[in-house]
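Descriptive analysis of the structure
Residues per chain are reported as follows:
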Amino acid sequence: MSSATPPVPPRPEWSPSSWRARPAAQQPDWPDAEALKDAEAALCGLPPLVIASEARQLTGALAAVARGEAFLLQAGDCAESFREFSADSIRDKLKVMLQMAVTLTYAGGVPVVKVGRIAGQFAKPRTSSVERVGGVELEAFRGHMVNDESFDPAARRPDPARLVAAYHQSAATLNLLRAFTKGGFADLSHVHKWNQQFVASSAEGRRYERIATEIDRALRFMAACGIDLASEEGLHETDFWTSHEALILHYEEALTRQDSLTGDWVDCSAHLLWVGERTRQPDGAHVEFLSGVINPIAVKLGATATPDEVHTLCELLDPHRTPGRLTLITRMGAGKVADALPPLVEAVRAGGHPVVWACDPMHGNTFTSDNGTKTRRFGDIVAELREWFGIHRAMGTWPGGVHVELTGDDVTECLGGAEAIVEDDLGQRYTTACDPRLNARQSLDLAFDVAELLRD
Ligand code: PEP
Ligand code: CO
């Protein structure tokens, strides 16, 4: 796979620090320059979290998605937390993603490329750089890589030591993910065990159980036919990739390394990096930084993105038209896709960029409920996906993937779904560090809906 992916030679003027000459949106105002330098030096001396060959393998896997031969499932927390950090929560998130992937593969008929918003998703862009409560104004919470959410001046002060702490939590998380996915936990013979107890008793859980039972039967049938299942690696382990928004550029630069074999620059903080809706200015620092690393890159596109902007972003981030290099994640909101998406698809097609199209049906559908809680309706999420699949089907492009915020926990953050969470329930278990996430049952529900859309 890697040989099919030519290196992306950065422009001669690119370097890991060339972003510093560009306007960088959404950066904290680090109050202590010396402490920032110390943190950067510490990160520069630490081992990479991922290596070049892995980034190339993921590009290869995404190239299959771009060709319409596979589907991307990118999912995880809106923001990872320094506090909610445990083996159980990592395992349960992985379980939900494995269940969704099995559902999509079995019911939707496509191989699934699994990418977590995990092991590095610690920084958040904010609509306002300050937060006001009563008469008090403090710096906004920007994710645990920067500051803490408590409404307290000391907690909100950006602290560069958090960059190093985020690295260490990412390393520990990635270590466990690698063990789970390569060490037997992801073996297809355990397909029943991924169903958590509180999910198994629900309608979605029982629907999943039926698929799991059919997979068991298929495996027994193959064994009875004399197929040596033990030697089939794909049945016993899986590839699981990491991703996050490349927001805090001091962190990303410090973890960018040159591959000694090829000279390629790799952002070794994660396999895939994305640039958010608020930082994707073509002449801005984030696009400059990502244009020079060989990792697969994604760009979030809201309903106001113009064909010109998208064309320019494709030229900057995918000048060689490399399949799998660039994923475009639209997050337009239910009811807006039919107008906003077709001109972007046309512009990309005209430019000849072999992109992966993915849909984030979460970020265009956020609103504040009457009781003041940030939430999303399951119905809006499914509606945006339905519109999005419809446009791609009509235009002859492959609906390549979904990007969702979810958790393996039994939270009450998004409204609706089969368990019909209503506004009064939101306060019960609302634990997200940022945006509202689908819980395990809603996530599985969504996978069944997407599988149906894939089959149609
Ligand atoms: C996010 O993915 O959490 C996010 C902030 O997305 P966007 O840039 O699309 O608003
Ligand atoms: Co979010």
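Structure's up top.
Note on numbering: residues in each chain are counted from 1, in written sequence order. Chain labels run from A onward and ligand labels from 1 onward, assigned in the order the entries are written. Restriction of local features to residues with pLDDT of at least 70 applies here, the model being predicted, together with a cutoff of 80 or more for giving and counting side-chain atom pairs; totals for whole chains, interfaces and linings are based on all residues. The basis for the side-chain values is all heavy atoms of the structure; hydrogens and waters are excluded.

This brings us to the pattern of salt bridges. Note that side chains of opposite charge can pair when their charged atoms are close. When a carboxyl oxygen of Asp or Glu lies within 4 Å of a side-chain nitrogen of Lys or Arg, that pair is called a salt bridge. With the rule as written, the count across this model stands at 36 salt bridges. Among the salt bridges present, the one from E204 reaches R441, with a minimum N-O distance of 2.8 Å. With E204 in helix α7 (residues 203–224) and R441 in helix α14 (residues 440–455), this residue pair connects regions lying 237 residues apart in the sequence. One exposure class covers both E204 and R441, and it is buried. Salt-bridge contacts for R349 lead to E346; the nearest nitrogen and oxygen are separated by 3.8 Å. Taken together, the positions of R349 and E346, both in helix α12 (residues 337–351) and three residues apart, correspond to about one turn of that helix. Residue class for R349 comes out partly exposed when judged on its relative accessible area of 40%. Summary of the burial criterion: residues with accessible area below 20% of their type's maximum are buried, those above 50% are exposed, and those between are partly exposed, where the area comes from a 1.4 Å probe applied to protein chains only. E346 sits in the partly exposed class, given a relative accessible area of 41%. A single salt-bridge network, built from bridges that share partners, covers R117, K374, R376, E405 and D435. By the criteria applied, helices consist of DSSP H or I runs no shorter than four residues and strands consist of E runs no shorter than two, each listed in order from the N terminus.

A cluster of nonpolar residues, V133, V136 and F151, forms a patch on the protein surface that exposes about 220 Å² of accessible area. Mapped onto the elements, V136 comes out in strand β4 (residues 136–139). In this analysis, a patch consists of residues with relative accessible area above 30% that form no salt bridge, clustered at 9 Å for like charges and at 5 Å for the nonpolar side chains Val, Leu, Ile, Met, Phe, Trp and Tyr. Accessible surface is estimated by sampling points in the Shrake-Rupley manner with a 1.4 Å probe; for residues, cover comes only from the protein chains shown.

Under the convention used throughout, the expected extent of a helix is 1.5 Å for every residue step, that is, one less than its residue count. Between its first and last C-alpha atoms helix α5 (residues 161–182) spans 32 Å; for 22 residues at 1.5 Å apiece the expected length is 32 Å, and the two agree. Where α5 is concerned, the buried positions are R162, L163, V164, A166, Y167, Q169, S170, T173, L174, L177, F180 and T181. Elements in contact with the buried residues of α5: α1 (33–45), α3 (87–108), β5 (240–245) and α9 (249–254). Where α5 ends, the next residue or the one after it, G184, has phi of about 120°, a positive value. When checking whether two residues touch, look at their non-hydrogen atoms; a contact exists if any pair is within 4.5 Å.

Turning to the packing of aromatic side chains, a few remarks are in order. When two rings of Phe, Tyr or Trp (its six-membered ring) have centres within 6.5 Å they constitute a pair, described as stacked for plane angles under 30 degrees, edge-to-face for angles over 60, and tilted for the intermediate range. In this structure the tally under the stated criterion is five aromatic pairs. An angle of 45° between the planes, with centres 6.5 Å apart, marks the rings of W14 and F289 as tilted. Within this pair, whereas W14 is found in the segment before α1, its partner F289 is found in helix α10 (residues 285–291), the two being separated by 275 residues in sequence. Both residues of the pair, W14 and F289, count as buried. Centroid distance W388 to F389: 5.4 Å. Interplanar angle 80°. Geometry classified as edge-to-face. The same class applies to W388 and to F389, which are both buried.

What follows concerns the site of ligand 1. What makes a residue near a molecule or strand is one non-hydrogen atom of that residue sitting within 4 Å of it. Taken together, the neighbourhood of ligand 1 is formed by C78, R117, K124, P125, W274, G276, E277, R278, K300, R331, H363 and E405. Residues adjacent in sequence count toward polar contacts only when both atoms are side-chain atoms; beyond that, a polar contact is any pair of N or O atoms within 3.5 Å, and within protein one must be able to donate a hydrogen and the other to accept it. Between an oxygen atom of ligand 1 and a side-chain N or O atom of R117, the distance comes to 2.8 Å. Burial of ligand 1 by the protein chains amounts to 97% of its free accessible area of 300 Å². Put simply, Ala, Val, Leu, Ile, Met, Phe, Trp, Tyr, Cys and Pro go in the nonpolar bin, Asp, Glu, Lys and Arg in the charged bin, and everything else, Gly too, in the polar bin. Each residue belonging to the shell around ligand 1 can be placed in one class, and the counts come to three nonpolar, two polar and seven charged.

The rule for pairing is simple: two strands pair if DSSP sees at least two bridges between them. In terms of strand pairing, strand β3 (residues 130–133) meets β4 through four bridges, oriented antiparallel. Its bridge partner lying in β4, R132 is registered against E137. With antiparallel pairing between neighbouring strands as the criterion, β3 and β4 make up a hairpin whose turn holds two residues, including G134 at a positive phi of roughly 60°.

Let us look at a negative patch on the surface. The convention is simple: Lys and Arg are positive, Asp and Glu are negative, and His and the chain ends are not counted. Where a charge lies is defined by one atom per residue type: Lys uses NZ, Arg uses CZ, Asp uses CG and Glu uses CD. On the surface, a cluster of negative charge is made up of D32, E34, D38 and D159. The topology assignment puts D159 in the loop between α4 (153–156) and α5.

Where helices are involved, their axes are fitted lines through C-alpha atoms of the stretch in contact, as for all axes, and angles between N-to-C directions lie from 0 to 180°. Packing of α7 against α14 leaves a shortest axis separation of 9 Å and a crossing angle of 55°. When the axes of α7 and α14 are compared, the pair comes out oblique. Of the two elements, α7 crosses α14, and the hand of that crossing is left-handed. Counting all contacts with α7, which are made through E204, G205, R207, Y208 and I211, the residues of α14 involved are R441, L444, D445, F448 and E452. Classifying every residue of the contact of α7 with α14 gives four nonpolar, one polar and five charged. With respect to orientation, any angle under 35 degrees is reported as roughly parallel, any angle over 145 as roughly antiparallel, any angle of 65 to 115 as roughly perpendicular, and every other angle as oblique. Handedness of each helix crossing follows the sense of rotation of the near helix against the far helix: counterclockwise by less than a right angle gives left-handed, clockwise gives right-handed.

Turning our attention to α14. Given a rise of 1.5 Å per residue, 16 residues ought to cover 22 Å, and the 23 Å separating the end C-alpha atoms of α14 matches this to within 8%. Within α14, 14 of the 16 residues are buried, which leaves the element mostly enclosed by the surrounding structure. Capping of α14 at its N-terminal end is provided by N439; its side-chain oxygen lies 3.1 Å from the backbone amide nitrogen of R441.

Non-glycine residue Q26 carries a positive phi angle of around 65°. For Q26, the location among the structural elements is in the segment before α1. Exposure remark for Q26: the relative accessible area of 18% places this residue in the buried category. If you check the backbone angles, R321 has positive phi at about 50° while not being a glycine. Along the chain, the position of R321 falls in the loop between α11 (307–317) and β10 (326–330). By relative accessible area, which is 31% here, R321 ends up partly exposed.

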